[in-house]
Amino acid sequence: MKRLIIDCDPGNGIAGANVDDGLALALALGSKALSLELITIVAGNTPNDVGYSVAKDLTDRLGITVPVVQGASRALAEPPEPWRKELDNRIHINKLGHLWKDVRPPERAVAPSREAADAIGELICANPGQITLVAIGPLTNVALALERYPEMAEAVQEIAIMGGVFALDHFIKDTNFGLDPEAAHQVLTSRANITLVPMDVTTQTMMTHSDLDRIERFNTPLAKFVTDTVRPWLDYSMQTRHLPGCWIHDALVVAWLLNPGIATAADYFVDVELRPGQTRGKSWRYRQPLGVSVGTGEPAGGVIHVLKTVNNRLLLEMIEQALAH
C-alpha cells in the first residue's frame, strides 16, 4: 500500500472554483492500494481557509480521521491577492453562479494552529523512503517544508506534482506554478525524486455528464460528493471554455500513482521563469543541462519524470472503480 500526503487547494462546492482537487482526494480515499495519511491546504484555486473547510467537510462527511492541516495563505514572493480576481467574479460568477444553487456549500471549519509545512516535513522525515507527496496546488507548502527540513528531499519517496505547461497555444503558464514561481523553482531544483504532470497532458483528460451519470448510480458517499460538486463545474467549463465536459487535471496524478501504465512519460530537466514580465511563472523543459551549478558543471536540478500522453478511458474507469465502494 502506497502512503500519501496530498497538498491541495480544493474548491468543491464553491461557485466558480475548480473541482479536480476534490476528485483527486476522492480517488485516493476510494482506492484500496493507497493510504492517505495527511491532507494539507495551500492558497490557490481557493483561499487557504476556504480550501481547509472543503477538505474538512469531505472527511467529516465520510466519517474518516485523516488529519487536515492548513498551510500557506500567500506565495513566497507574490502580493497577497486571490487567484480568482474580482473582474472574473463579476463577469462569470454573477451570471453563472446559479449553476451552484443546489450544491450544499462546505461547513465552515476552524483549522488547528499547526502549519502544513511542518506536518509535511515531520511525517516524511520520520518515515524515510515511505511517503509519497502529491502536490496539486501551488508549491508554497512544499517549498517551505523543504526549507525547514532539508533532509526531506532525500527522505521523500516521490513528489508527484500537477503543474507547468510547455506547448499549449492558449497558455503561457498554469495557475499552480504561476501563483508561486519561486516555490516551483525551489521544488523542481531540490533533487528530490519528482514526477511532473503538466497541463500538456492533463488537458487530454475529459469528464462528461454521461461519465457522472454512471458514477451517480453507485450511490456511495464518495460518488455523491463527486457528482454533486462536479456537475456545476462541468456546466461552467462547457459554457466558458466551450469543451464537451471538463478537464480533471489533478485526478491524473493520483491515477498515475495507482497505475503508471495510464500515461507515457519522458525524462527532462525542468525549471520556471522568475524574471518579471508576462512570462514570469512559465515553465520549460530541456534534455541538456542548460542550468548548471557554479563550479560543478552539473545541472541545477535533477532529472524529472514528465507525463506526456494519457489513456483517458482508463482514467475514467479507475475513477469509477474507486467511487463504487
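Residues numbered from 1 in each chain as written. Predicted model: local features only at pLDDT ≥ 70, side-chain atom pairs only at ≥ 80, totals over all residues. Heavy atoms only, no water.

### Some details on the overall build of the chain
- Helices and strands together make up the secondary structure of the chain, namely 13 helices and 9 strands.
- Taken against the 2.2 N^0.38 rule, which gives 20 Å for 325 residues, the C-alpha radius of gyration of the chain at 18 Å falls within 12% of a compact globule.
- For the C-alpha atoms alone, the extent of the chain along its principal axes is close to 60 × 40 × 40 Å.
- Long-range contacts, defined as pairs at least 24 residues apart, comprise 80% of the intrachain contacts of the chain with a sequence gap of at least 6.
- Carbon and sulfur atoms make up 52% of the accessible area of the chain, which amounts to about 13,700 Å² in all. (Helix = DSSP H or I, 4+ residues; strand = E, 2+ residues; numbered from the N terminus. Rg over C-alpha atoms; globule rule 2.2 N^0.38 Å. Contact = heavy atoms within 4.5 Å. Areas by Shrake-Rupley, 256 points an atom, 1.4 Å probe, with all protein chains shown as cover.)

### Notes on the packing of aromatic side chains
- All told, the structure shown has 4 aromatic pairs when counted by the stated rule.
- Considering the side-chain rings of Phe171 and Trp247, the 6.3 Å spacing of their centres and the 65° angle between planes classify their relative orientation as edge-to-face. Here Trp247 lies in the loop between α11 (221-241) and α12 (249-258) and Phe171 lies in the loop between β5 (158-162) and α7 (175-179), a separation of 76 residues in the sequence.
- Taking relative accessible area as the criterion, Phe171 reaches 30% and is therefore assigned partly exposed.
- What makes Trp247 buried here is its relative accessible area of 13%. (Phe/Tyr/Trp six-rings, centres within 6.5 Å; stacked < 30°, edge-to-face > 60°. Buried < 20%, exposed > 50% of the residue type's maximum accessible area, 1.4 Å probe, protein only.)

### A short note on the nonpolar core
- If you look at the biggest cluster of nonpolar residues, it comprises 62 residues, and the most contacted ones within it are Ile6, Ile39, Met207, Ile248, Ile262 and Ile319.
- Looking at which element gives the most residues to this core, the answer is α11, with 8 residues.
- The contact partners of Ile6, leaving out residues within four places of it in the chain, are Ala24, Leu25, Ala28, Leu36, Leu38, Ile39, Thr40, Val134, Ile136 and Val254.
- Formed by 42 residues, the second largest nonpolar core is a distinct cluster that contains Leu139, Ala143, Ala155 and Val156. (Core = buried A, V, L, I, M, F, W, Y, C linked by side-chain atoms within 4.5 Å.)

### Some details on the sheet that holds strand β9 (residues 304-310)
- Strand order in the open sheet formed by 9 strands is β3-β2-β1-β4-β5-β6-β9-β7-β8, and the pairing between neighbours is mixed. What marks the edges here is a single partner per strand, and that holds for β3 (68-70) and β8 (283-286). This sheet shows a mean twist of 30° between the axes of neighbouring strands, independent of strand direction.
- Sheet topology places strand β4 (residues 131-135) next to β5; 4 bridges connect them, and they run parallel. Within the sheet, the bridge partner assigned to Ala135 lies in β5 and is Ile161. (Pairing = 2+ DSSP bridges. Axes fitted to C-alpha atoms, helices over the stretch in contact; angles between N-to-C directions.)

### Some thoughts on α11
- A rise of 1.5 Å per residue sets the reference length of α11, with its 21 residues, at 30 Å; its end C-alpha atoms lie 29 Å apart and thus fit the reference within 8%.
- Where α11 bends most, at Val230, the angle is about 35°, and the proline Pro232 comes one to four residues later.
- Just past α11, the residue His242 takes up positive phi, approximately 60°. (Expected span 1.5 Å × (residues − 1). Bend = angle between axes of the 7 residues up to and from the residue.)

### Points about the side chain of Asn312
- Positionally, Asn312 belongs in helix α13 (residues 312-323).
- On the basis of relative accessible area, Asn312 is assigned to the buried category, the value being 18%.
- In this structure, Asn312 is in contact with Gln204, Thr205 and Met206, ignoring residues within four places of it in sequence.

### Description of the packing of α12 against α13
- Following both chains from N to C, one finds α12 and α13 inclined at 85°, their axes separated by 10 Å at the closest point. The angle between α12 and α13 falls in the class roughly perpendicular. From α12, Ala251, Leu252, Ala255 and Leu258 reach across to α13, where they touch Leu315, Met318 and Ile319.
- For the contact of α12 with α13, the residue count by class is 7 nonpolar, no polar and no charged. (Parallel < 35°, antiparallel > 145°, perpendicular 65-115°, else oblique. Nonpolar A, V, L, I, M, F, W, Y, C, P; charged D, E, K, R; others polar.)

### What about the pattern of salt bridges?
- Applying the stated rule across the entire model yields 18 salt bridges.
- The partner of Asp118 in a salt bridge is Arg148, and the shortest N-O contact between them spans 3.3 Å. Linking Asp118 in helix α4 (residues 116-126) with Arg148 in helix α5 (residues 140-148), this pair joins segments that are 30 residues apart in sequence.
- Classification of Arg148 as partly exposed rests on a relative accessible area of 36%.
- Residue Arg313 is joined to Glu317 by a salt bridge in which the shortest nitrogen-to-oxygen separation is 2.6 Å. (Salt bridge = Lys/Arg side-chain N within 4 Å of Asp/Glu carboxyl O.)

### Structural notes on the environment of Arg275
- If you trace the backbone, Arg275 turns up in the loop between β7 (263-272) and β8.
- In sequence terms Arg275 and Ile136 are 139 residues apart; their C-alpha atoms lie 24 Å from each other.
- A polar contact is formed between the side chain of Arg275 and the side chain of Glu273, at a distance of 2.8 Å. (Polar contact = N/O pair within 3.5 Å; in protein donor to acceptor, adjacent residues only side chain to side chain.)

### Here's the deal with the pairing of β7
- For β7, a buried count of 7 out of 10 residues is recorded, marking the element as mostly surrounded by other parts of the structure.
- Pairing analysis gives 6 bridges linking β7 to β9, with the strands arranged antiparallel. The residue bridging Thr264 from the neighbouring strand is Thr309, located in β9.
- Summarising the sheet, β7 and β8 pair through 4 bridges and their orientation is antiparallel. Looking across to β8, one finds that Phe269 is bridged to Tyr286.

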